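# Descriptive structure summary
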Amino acid sequence: NAGVTQTPKFQVLKTGQSMTLQCAQDMNHNSMYWYRQDPGMGLRLIYYSASEGTTDKGEVPNGYNVSRLNKREFSLRLESAAPSQTSVYFCASSLLTGPSYEQYFGPGTRLTVT
Amino acid sequence: QKEVEQDPGPLSVPEGAIVSLNCTYSNSAFQYFMWYRQYSRKGPELLMYTYSSGNKEDGRFTAQVDKSSKYISLFIRDSQPSDSATYLCAMSGDSNYQLIWGAGTKLIIKP
């Protein structure tokens, strides 16, 4: 099992460009999450999907959109990148459709917006 | 004020020492308390979790929750260089999907 995979691993964008971060899990998990991690800030939830077909905003959703393409895949889109979106982005998944303390994380995407 | 406070460190100790990592929080509704470990340039992985108050032990690791003081701790006995990582606390309530995370403490175990 690959667990949670993310592509790309690194990306540099210019202000105003768009891109989609891809995430896939092969553990048959129901819930999936997108976080960003900034120095001194901890992990902050951008969006989550409690089950296939549903998505909800987290703590910092502005400037992002998501798509739960199927049970395995959950993508994060930046429509018009800004320097404030420079961060490390993590996708995670959990088995339960509900509050879940056990989340499995991907390796992250390091995004720089210039 | 952040909901969860965690000293960012770095905390540097010699191999074999007992390590104490801590978080304080302000939301009394939190019931689930987790410790995740994150190696450099990797995603976090769950180390331990505790529901409500009390202690939980797993090998060299002990998690402790004191809800009256809104304080949680992770103890590492006989620390090893392989324990060098950033340790993140996280917590949530009974009906909330969102984990609230501390900023993480960077731990360095010197051989």
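This is a predicted model, so every value here is computed, not measured.

### Section: the sheet that holds strand β8 (residues 74-78) of chain A
Residue and element names in this part refer to chain A. An order of β1-β3-β8-β7 is seen for the four strands of this open sheet, with the pairing classed as antiparallel. Each edge of the open sheet is held by one strand with a lone partner, namely β1 (4-7) and β7 (64-68). Taking the axes of each pair of neighbouring strands and ignoring which way they run, one obtains an average angle of 15° across the sheet. Of the pairings in the sheet, the one linking β1 to strand β3 (residues 19-25) comprises four bridges and is antiparallel in character. Opposite T5, over in β3, you have A24 as the bridge partner.

### Digging into the environment of P107(A)
Position of P107(A) relative to the elements: it lies in the loop between β10 (104-105) and β11 (109-113). Accessibility expressed as a relative area gives 34% for P107(A), which makes it partly exposed. Along the chain, P107(A) and C91(A) lie 16 residues apart, while their C-alpha atoms are 8.1 Å from each other. Discounting chain neighbours no more than four positions away, the residues touching P107(A) are V4(A), Q6(A), F90(A), R41(B), K42(B) and G43(B).

Calculation rules
All residue numbers refer to positions counted from 1 along the written sequence of the respective chain. Both sets of labels track the order of writing: A upward for chains, 1 upward for ligands. Whole-chain, interface and lining totals are the exception, using all residues; otherwise, since this is a predicted model, local features are given only for residues with pLDDT of at least 70 and side-chain atom pairs are given and counted only at 80 or more. Water and hydrogen atoms were dropped before computing side-chain values, which therefore reflect all heavy atoms in the structure. Paired strands, as defined in this entry, are two strands with at least two bridges between them according to DSSP. Helix and strand assignments come from DSSP, with helices taken as H or I runs of at least 4 residues and strands as E runs of at least 2, each series counted from the N terminus. Here an axis means a line fitted to C-alpha atoms, over the contact stretch when the element is a helix, while the angle between two N-to-C directions is reported on a 0 to 180 degree scale. Categorising residues by exposure relies on relative accessible area from a 1.4 Å probe, with only protein chains included: less than 20% of the type maximum marks a residue as buried, more than 50% marks it as exposed, and the intermediate range marks it as partly exposed. The contact criterion used throughout is that any non-hydrogen atoms of two residues lie within 4.5 Å.

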